[in-house]
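The primary structure of each chain is shown beneath.
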Amino acid sequence: MSATNGHTSEGSRLKDPSLFNTKIVVGSRRLDSHSNKTFDVVYPGDGKTVIATIPECNAQDVNDAVASCRETFATFSQTTARQRSDMLRKLNDLTLANIDDLATLIVRENGKTRAEAVAEVKYASSFLAWFANMAEIGAQGETIAAANPNMRIHTMRQPIGVVACLLPWNLPLAMATRKIGPALAAGCTCIVKPAGETPLSTLAFAELVKRAGYPDGCVNVVTTLDNVAEVGKAICEHKHVRKVSLTGSTRVGKLIASQSAGTLKKLSMELGGNSPVIVMNDANLDKAIEGVLMAKLRTSGQTCVAANRILVQNGIHDKFLAALKEKIATYKQGDGEDDSVKLGPLITARAVEKCRAHVEDALSHGATLAYGPSPPPTPSSGGFFYPPTILTNLTSSMLISSEETFGPVVAIRRFETEEEALEIANDSDVGLGAYLFTTDLRIAARMTAKIETGMVGVNTGMLSACESPFGGVKESGFGREGSKWGMEEYQIIKAVTTDIS
Ligand SMILES: NC(=O)C1=CN([C@@H]2O[C@H](COP(=O)(O)OP(=O)(O)OC[C@H]3O[C@@H](n4cnc5c(N)ncnc54)[C@H](O)[C@@H]3O)[C@@H](O)[C@H]2O)C=CC1
Ligand SMILES: O=C(O)[C@H](O)CS(=O)(=O)O
């Protein structure tokens with residue numbers, strides 16, 4: 001199917017084809033890039049259908065978008081917290097009213113199942129609802145008790161200015177609203193750069209921002225796949241971009257921090273993970289299996305809090321493995337629009353190759369293939385699929401122990417004592433999420449305190465919610481998204497001292 005025909009068919013998949021936007025957003029304008037170059041968005045489900053052709057932006061596009069942000073910031077930053085709260089509620093209403101089309105765009109650009117895409121839109125909506133409330137609560141300042149009786153001190157929370165939002169491809173819409181929501185709540189304006197693999201849901205969201213009544217220039221969107229180095233550098237070095245919020249790999253996080261140093265930007269870094277799961281002998285087996293498969297297989301294993309190392313205490317190991325093999329066999333892989341499918345494809349052929357390489361490396365270092373194809377399959381022509389796989393006898397020498405696999409590969413390792421489990425779990429340069437399955441509250445209290453991550457799920461494989469602070473420690477980055485802390489990332493606190501003598 002040709003790209004042109006593909007566009008026609010793609011837009012016609014939507015109830016509202018006007019949400020199928022393939023141009024960058026600069027103020028009121030929908031534009032091609034100054035480069036006059038484009039890139040193709042490919043459907044991961046077959047690895048070949050071009051679903052859209054998108055502008056390949058350059059530094060000039062970034063400068064234009066930042067100029068639009070800056071112009072609008074002058075007035076939008078003066079809106080009241082009540083006004084910003086009301087606007088976010090309207091934007092959330094429009095997001096939910098268009099949930100089916102937004103989910104269709106996510107299925108087509110990311111490949112995930114429709115059930116997961118609908119869940120993502122609801123997750124994205126939860127951040128808009130949350131920050132509609134926080135817009136007023138988080139705007140309050142404080143009166144400070146001055147030591148000097150002639151002075152009165154109070155604080156003001158003010159928007160930091162133009163914000164750059166750099167988004168990953170795995171939850172393209174939810175990660176967009178997890179940044180744009182608090183930024184708009186605070187009174188900032190945004191230049192948004194979705195991942196090149198998944199621009200469509202963000203571009204559709206920008207249309208909803210306009211329909212919600214936001215002034216042109218509140219949310220600008222630039223897109224790139226192959227020119228990301230130039231676009232990223234232009235963003236990071238632009239003196240009028242006061243804040244960069246990145247969700248992505250630690251590698252890119254370090255680059256952004258380095259490139260932003262020259263203008264001392266405020267940063268939020270939601271970076272890579274290598275989440276350990278610890279299953280104790282006393283764990284509820286059903287909960288442990290359910291939680292591990294949720295943490296491992298959500299978005300086909302492509303979340304930053306995906307279970308990457310499964311540590312199972314010796315006494316429950318064999319029962320756990322048997323139950324896991326039985327349950328994982330029920331996960332059908334295939335096209336995201338097939339209701340019987342529970343596992344969609346990975347995002348690219350490169351992602352499939354990474355899974356294969358991790359499995360091959362583990363097997364070459366002594367791991368056992370407990371479930372899945374042998375030998376590990378190479379990327380096929382029929383979509384970016386890697387089959388669910390279980391490896392046992394994991395050791396620290398294997399790549400899968402130290403790198404995110406970002407795919408449906410379950411890597412299991414035995415342990416005997418709590419201390420041994422914690423030592424293995426904490427043996428990582430990153431620390432985003434972790435999971436613990438036990439029915440003993442004393443074990444939970446001891447181990448959750450000692451695990452070196454920003455978040456821990458106890459007896460659950462789902463540790464994310466808009467009301468909970470999301471973020472990591474060590475090289476998983478810094479800053480928190482969602483929660484009552486999420487809006488502070490987009491604010492400054494100004495202290496005003498008045499002499500009343
Ligand atoms: N902590 C968190 O909340 C999350 C972390 N991640 C991490 O992201 C990685 C996978 O997602 P990807 O999108 O592949 O990550 P990535 O780091 O390759 O890309 C993330 C974003 O940064 C952009 N980017 C890449 N190079 C850049 C540059 N030189 N300048 C500016 N922007 C640049 C990409 O285009 C994308 O928009 C994994 O490591 C995963 O753990 C993914 C999702 C959530
Ligand atoms: O992009 C991600 O991986 C998300 O941050 C994970 S979650 O918020 O969906 O748990």
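Residues numbered from 1 in each chain as written. Chains lettered and ligands numbered in written order. Predicted model: local features only at pLDDT ≥ 70, side-chain atom pairs only at ≥ 80, totals over all residues. Heavy atoms only, no water.

**Quick word on the UniProt feature "domain: Aldehyde dehydrogenase" (unreviewed entry) in the chain**
Under the feature "domain: Aldehyde dehydrogenase" (unreviewed entry), the UniProt entry names residues 33-496. Helix makes up 40% of residues 33-496 and strand makes up 20%, while its end C-alpha atoms are separated by 44 Å. (UniProt positions renumbered as here; feature names shortened; annotations may be inferred. Helix = DSSP H or I, 4+ residues; strand = E, 2+ residues; numbered from the N terminus.)

**Some words on the packing of aromatic side chains**
What the rule picks out here adds up to 3 aromatic pairs. A centroid spacing of 5.9 Å and a plane angle of 55° characterise the contact between Phe 76 and Tyr 214, whose relative ring orientation is tilted. Of the two residues, Phe 76 sits in helix α2 (residues 59-76) while Tyr 214 sits in the loop between α7 (200-211) and β9 (219-221), which places them 138 residues apart along the sequence. One Lys or Arg, Arg 108, reaches over the ring of Tyr 43 and ends 4.2 Å from the middle of that ring. The ring of Tyr 490 is capped by Lys 243, whose NZ or CZ atom sits 5.1 Å from the centre of that ring. (Phe/Tyr/Trp six-rings, centres within 6.5 Å; stacked < 30°, edge-to-face > 60°. Lys NZ or Arg CZ within 6 Å of the ring centre and 35° of its normal.)

**Some thoughts on the packing of helix α6 (residues 172-186) against α7**
Taken N-terminus to C-terminus, the directions of α6 and α7 make an angle of 45°; their axes are 8 Å apart at the nearest point. As judged from the angle between their axes, α6 and α7 are oblique. Crossing of α6 against α7: the hand is right-handed. Within the contact between the two elements, α6 uses Pro 172, Leu 173, Ala 176, Thr 177 and Ile 180 and α7 uses Ser 201, Thr 202 and Phe 205. Counted by class, the contact of α6 with α7 contains 5 nonpolar, 3 polar and no charged residues. (Axes fitted to C-alpha atoms, helices over the stretch in contact; angles between N-to-C directions. Parallel < 35°, antiparallel > 145°, perpendicular 65-115°, else oblique. Left-handed = near helix turned anticlockwise from the far one by under 90°. Contact = heavy atoms within 4.5 Å. Nonpolar A, V, L, I, M, F, W, Y, C, P; charged D, E, K, R; others polar.)

**Remarks on the site of ligand 2**
The full set of residues close to ligand 2 is Tyr 123, Asn 170, Leu 171, Met 175, Arg 178, Arg 298, Thr 303, Cys 304, Val 305, Ser 464 and Phe 470. At a separation of 2.8 Å, an oxygen atom of ligand 2 approaches a polar backbone atom of Cys 304. Coverage of ligand 2 by the protein amounts to 100% of the 290 Å² it exposes when considered alone. Taken together, domain 1 (13-271 + 477-495) and domain 2 (275-458) each give at least three residues to the shell around ligand 2, which thus spans both. (Near = heavy atom within 4 Å. Polar contact = N/O pair within 3.5 Å; in protein donor to acceptor, adjacent residues only side chain to side chain. Areas by Shrake-Rupley, 256 points an atom, 1.4 Å probe, with all protein chains shown as cover. Domains from an automatic or database assignment.)

**Notes on the sheet that holds strand β15 (residues 389-392)**
Ordered in space as β14-β15-β16-β13-β12-β18-β19, the 7 strands form an open sheet in which the pairing is mixed. Two strands close off the open sheet at either side, each with one partner strand: β14 (368-371) and β19 (455-458). Along the sheet, successive strands turn relative to each other by an average axial angle of 25°, direction set aside. Here strand β18 (residues 433-437) runs beside β19; their pairing, made up of 4 bridges, is parallel. If you follow Leu 436 over to β19, its bridge partner there is Val 458. Of the strands in this sheet, β12 (275-279), β13 (307-313), β16 (409-415) and β18 are in contact with helix α10 (residues 285-297), which crosses β18 at around 165°. (Pairing = 2+ DSSP bridges.)

**Some thoughts on the site of ligand 1**
The immediate surroundings of ligand 1 are formed by 27 residues, with Leu 167, Trp 169, Ser 249, Leu 271 and Glu 404 found nearest. A distance of 3.0 Å separates a nitrogen atom of ligand 1 from a polar backbone atom of Glu 270. Glu 404 is positioned with one of its side-chain polar atoms (N or O) 2.4 Å from an oxygen atom of ligand 1. Summarising the interface, the protein chains cover 89% of the accessible area of ligand 1, which totals 830 Å² for the free molecule. Element by element, the count of residues in the shell around ligand 1 is highest for helix α9 (residues 250-260), at 3 residues.

**As for the side chain of Gln 313**
Examined against the element boundaries, Gln 313 turns out to sit in strand β13. At 2.8 Å, the side chain of Gln 313 forms a polar contact with the backbone nitrogen of Asn 281. Contacts of Gln 313, omitting those with residues within four sequence positions, involve Val 279, Met 280, Asn 281, Phe 415, Glu 416 and Thr 417.

**Observations concerning the domain arrangement of the chain**
Segmentation of the chain into domains returns domain 1 (13-271 + 477-495) and domain 2 (275-458). Taken residue by residue, the interface counts 22 residues in domain 1 and 28 residues in domain 2. Linking domain 1 to domain 2 there are 1 salt bridge. Residue Glu 337 pairs with Arg 114 through a salt bridge whose shortest N-O separation is 2.9 Å. For the pair domain 1 and domain 2, the number of links is 7 residue pairs in polar contact (both at pLDDT 80 or more). Only α4 (99-110) and α5 (114-137) provide two or more residues apiece to the side of domain 1 that touches domain 2. Of the residues forming the side of domain 1 that touches domain 2, the biggest block, 3 residues, is contributed by α4. (Salt bridge = Lys/Arg side-chain N within 4 Å of Asp/Glu carboxyl O.)

**Section: helix α14 (residues 418-425)**
Those residues of α14 lying buried are Glu 418, Ala 421, Leu 422, Ile 424 and Ala 425. Projected down its long axis, α14 carries its buried residues within an arc of 165°, all on one side. Turned more than 90 degrees away from the buried face of α14 sit Glu 419 and Glu 423, all of them exposed. Residues of α14 that are buried make contact with β12, β13, β16 and α15 (441-450). (Buried < 20%, exposed > 50% of the residue type's maximum accessible area, 1.4 Å probe, protein only. Arc of directions from axis to C-beta.)

**Observations concerning the environment of Ala 411**
Considering the arrangement of structural elements, one finds Ala 411 in strand β16. For the pair Ala 411 and Ala 306, spaced 105 residues apart in the sequence, the C-alpha separation amounts to 12 Å. Setting aside its immediate chain neighbours within four residues, Ala 411 contacts Asn 308, Arg 309, Ile 310, Leu 391, Leu 394 and Ile 400.

**Comments concerning the UniProt feature "active site" (unreviewed entry) in the chain**
When the UniProt feature table is mapped onto this chain, "active site" (unreviewed entry) is found at Glu 270. Mapping Glu 270 onto the fold places it in strand β11 (residues 266-270). Residue classification places Glu 270 among the buried residues on the basis of a relative accessible area of 2%. The residues contacting Glu 270, other than those within four sequence positions of it, are Leu 246, Thr 247, Gly 248, Leu 432, Phe 470, Gly 471, Gly 472, Ser 476, Gly 479, Arg 480 and Glu 481.

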